[in-house]
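What follows is the residue order along each chain.
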Amino acid sequence: MAEYKNVDGYTEAVPVRTEATDVLVVGGGNAGMEAAAAAREAGASVILIEKEKTINLMRVGLGSIGSRAQKEAGVVIDKKALVEDLAAFAQHNVDQRLLNVWADHSGETVDWLEENVLKPHGAHLRAEPDAMITNQAYFAYPTENDPTIDDQSFVSYGDWFMQYQTEHGVDMRFETSLVSLVKEDGKVTGAIVKDLAKDEFYQINAKSVILATGGYSANKELLAKWNPLALKKNVYNDSPRSNGAGITAGLNAGAIRDEEPAETIFDRGLVPVGTKTEDMYYQTATYDHWLWIGSYPFLKVNLRGERFANESVPYEFITNAAAKEPGYLYAMIFDSNYAEHLEKMHMLGCARFGFPGYMKDKEAFIADTEQHVKDGLVVKADTIEELASKLHLPVDALKQAVANANRAVIDNQDKEFGKEAYRITPIDHVPYYGCILGGRILCTFDGLRINTKMQVLDENHNPIPGLYAAGNDAGGFFWGSYPDRVPGLAASHAHTFGRLAGKYAAGAEADGSGTVEVPVAAAAAVDAASGASHL
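None of these values were measured; they are calculated from a predicted model.

Caption draft 1: Spatial organisation of helix α11 (residues 384-391). When we look at burial in α11, the residues that qualify are Ile384, Leu387, Ala388 and Leu391. Buried residues in α11, looked at end-on, bunch into an arc of 100°, giving them a common side. In this structure, the buried side of α11 is in contact with β14 (330-335), β15 (378-381), α12 (395-411) and β16 (432-444). Phi for His392, located one or two positions after α11, is positive at around 60°.

Caption draft 2: Just the nonpolar core, in detail. Counting residues in each nonpolar core, the largest one holds 144 residues, and the members touching the most others are Tyr157, Phe161, Leu181, Ile293 and Phe497. Here this core takes 10 residues from helix α4 (residues 96-118), the largest share from any one element. Filtering out sequence-adjacent residues up to four positions away, Leu181 remains in contact with Val188, Gly190, Ala191, Val209, Leu211, Ala249, Gly250, Ala253 and Leu467. In terms of nonpolar packing, the next biggest core, distinct from the first, is built from 23 residues, Ala331, Ala388, Leu393 and Tyr432 among them.

Caption draft 3: Region of interest: empty space enclosed by the protein. Within the structure shown, the criterion is met by five cavities of 30 Å³ or more. What the largest cavity holds in volume is close to 490 Å³. For the lining of the largest cavity, the secondary-structure elements that each account for two or more residues are α1 (30-41), β2 (46-50), β7 (176-184), β16 and α13 (489-505). A class-by-class count of the residues in the lining of the largest cavity yields 15 nonpolar, 14 polar and six charged. Of the voids in this model, the second largest cavity is the one considered here, and its volume is about 200 Å³.

Caption draft 4: Region of interest: α13. Between its terminal C-alpha atoms α13 stretches 23 Å, which fits the 24 Å expected from 17 residues at 1.5 Å a residue. For α13, the buried fraction is high: 15 of the 17 residues fall into the buried class.

Caption draft 5: Geometry of the packing of aromatic side chains. For the structure shown, the criterion picks out 30 aromatic pairs. Measuring from ring centre to ring centre gives 5.6 Å for Phe477 and Phe497, while their planes differ by 80°; the resulting arrangement is edge-to-face. Separated by 20 residues along the polypeptide, Phe477 in the loop between β18 (463-469) and α13 and Phe497 in helix α13 bring together distant segments of the chain. Site record: aromatic cluster; members linked through ring pairs are Phe154, Phe266, Tyr287, Trp290, Trp292, Tyr315, Phe355 and Tyr358. Above the ring of Tyr315, the side-chain terminus of Arg268 is found at 4.5 Å from the ring centroid. Above the plane of the ring of Tyr236 lies Arg440, whose end atom (NZ or CZ) is 4.2 Å from the centre.

Caption draft 6: Expanded view of the pattern of salt bridges. Under the counting rule described, the total for this entry stands at 34 salt bridges. A salt bridge links Arg257 to Asp446, with the nearest nitrogen and oxygen atoms 2.5 Å apart. Remark: Asp446 occurs in the loop between β16 and β17 (455-457) and Arg257 occurs in the loop between α8 (245-252) and β11 (263-271); sequence separation between them is 189 residues. Residue Asp446 is classed as buried on the basis of its relative accessible area, which comes to 0%. In this structure, Glu311 and Arg307 form a salt bridge, with 2.8 Å as the shortest nitrogen-oxygen distance. Exposure class is identical for Glu311 and Arg307. Each is buried. Salt bridges here are not isolated pairs; linked through shared partners, they connect Arg17, Glu19, Asp171, Arg173 and Glu200.

Rules of the game
- Residues numbered from 1 in each chain as written.
- Predicted model: local features only at pLDDT ≥ 70, side-chain atom pairs only at ≥ 80, totals over all residues.
- Heavy atoms only, no water.
- Buried < 20%, exposed > 50% of the residue type's maximum accessible area, 1.4 Å probe, protein only.
- Helix = DSSP H or I, 4+ residues; strand = E, 2+ residues; numbered from the N terminus.
- Arc of directions from axis to C-beta.
- Contact = heavy atoms within 4.5 Å.
- Core = buried A, V, L, I, M, F, W, Y, C linked by side-chain atoms within 4.5 Å.
- 1 Å grid on protein atoms, 1.4 Å probe; cavity = no way out; pocket = protein on both sides within 12 Å on 5 of 7 lines; lining within 4 Å.
- Points joined across faces, edges and corners; volume = space filled by probe spheres on them.
- Nonpolar A, V, L, I, M, F, W, Y, C, P; charged D, E, K, R; others polar.
- Expected span 1.5 Å × (residues − 1).
- Phe/Tyr/Trp six-rings, centres within 6.5 Å; stacked < 30°, edge-to-face > 60°.
- Lys NZ or Arg CZ within 6 Å of the ring centre and 35° of its normal.
- Salt bridge = Lys/Arg side-chain N within 4 Å of Asp/Glu carboxyl O.

Okay, here's the thing in structure tokens:
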């Protein structure tokens with residue numbers, strides 16, 4: 001078994017003290033927060049450690065089947081059909097039993113969040129019934145539940161979740177980093193951690209440990225080893241916390257992991273003209289240089305000025321297609337009338353026009369685009385020749401691509417790649433716009449192999465006693481590209497499996513009475529941006 005070095009560079013860790021708890025949760029994100037709450041609810045004492053000063057971003061737009069909000073809205077989803085479509089999307093490179101577990105428990109999970117975290121503060125979940133799709137090559141389901149107060153905008157709930165943890169006695173410890181797992185006689189019995197504020201190591205003994213640190217997209221060394229193409233396709237990483245600490249610690253404890261990569265990539269990464277992907281991997285927690293209309297199916301050409309794919313595809317697919325083109329990047333071309341076409345394109349998920357998308361109206365999209373004109377990442381020109389020059393694209397090739405696009409409008413048919421007629425738009429209003437785009441990875445999904453009880457598996461596919469995983473540290477659920485036509489699936493996967501991991505990890509300690517002594521919890525902290533994405 002290969003030994004992985006500590007991702008934070010700790011080489012000698014001598015604990016100065018030892019503490020004990022029933023359940024130790026590693027990671028204060030969506031899965032970790034759910035795991036801690038569920039374990040405490042089951043009667044276990046819980047310590048949650050998080051290496052940063054705040055919890056991670058709490059996702060909005062939570063997928064489910066059969067939530068209370070969906071039932072009230074009359075949203076009915078065929079569970080078996082959805083599970084089979086997800087498996088087929090992954091070419092069955094998944095554990096379909098895990099898909100069934102999510103399908104069976106996602107509704108109750110988001111219901112718990114609504115009842116215990118949202119409603120005490122006057123918020124609720126709104127089910128999104130629309131999942132219209134007109135390309136028969138893809139499927140879509142109305143899985144999205146959005147936290148809101150007024151049914152017209154999102155509400156952040158991270159601080160409310162922290163309040164819940166504090167009131168219920170979860171011991172939250174920030175600036176506390178995982179160093180390694182402790183394993184005795186084949187069982188994980190705790191972890192060595194580092195108090196970053198005090199610069200000291202200590203050991204936490206636990207009956208169960210739950211890994212929920214969020215994947216490895218921030219770790220270029222692990223990406224080069226496990227998913228090298230991601231470093232070519234992506235010029236941004238939007239999860240700088242996720243450095244593989246949980247996965248590598250699990251592997252060092254004898255776990256196995258997915259053997260092929262899985263990830264979420266957004267097609268919204270603006271880069272300067274002339275960028276080489278091998279020279280850029282920009283890590284940001286604030287979505288820098290993010291272009292919202294990047295996901296819209298306007299004309300997209302490779303760096304030779306040639307259209308290369310149908311633009312009307314899931315977010316990640318255009319970056320996959322661009323990975324087969326010179327330079328791995330591509331240009332998007334549109335005109336000054338672009339905002340008039342956005343609503344009719346009928347996008348799903350976070351790119352949707354209006355709530356529950358992030359851009360509430362045409363003016364919001366225009367403002368977002370124009371800010372990037374000011375920073376030079378979106379350029380304008382009065383002629384296609386000038387636009388080609390500014391984007392460093394061959395003039396003749398770009399003129400031909402634009403002419404073909406305008407002909408498709410007249411023909412009401414995309415004869416090149418079959419884009420739906422209602423998503424074909426002309427390029428004939430001056431000034432013309434253009435930009436260079438690349439992928440931005442939000443997270444990795446290939447994690448430690450688990451069973452349906454969230455127990456981490458060893459090389460013989462047997463559970464490692466005392467060790468659980470959830471969220472993006474847990475594998476077997478995704479493969480390859482993310483199925484974004486099932487809105488909120490990734491967030492719901494984290495919440496649902498986190499909650500189940502907490503229940504299972506605390507199982508031996510729960511007495512079923514619902515009455516527990518509640519100790520005083522650590523001071524709460526929360527990321528001010530919690531609630532900024534719904535994937």
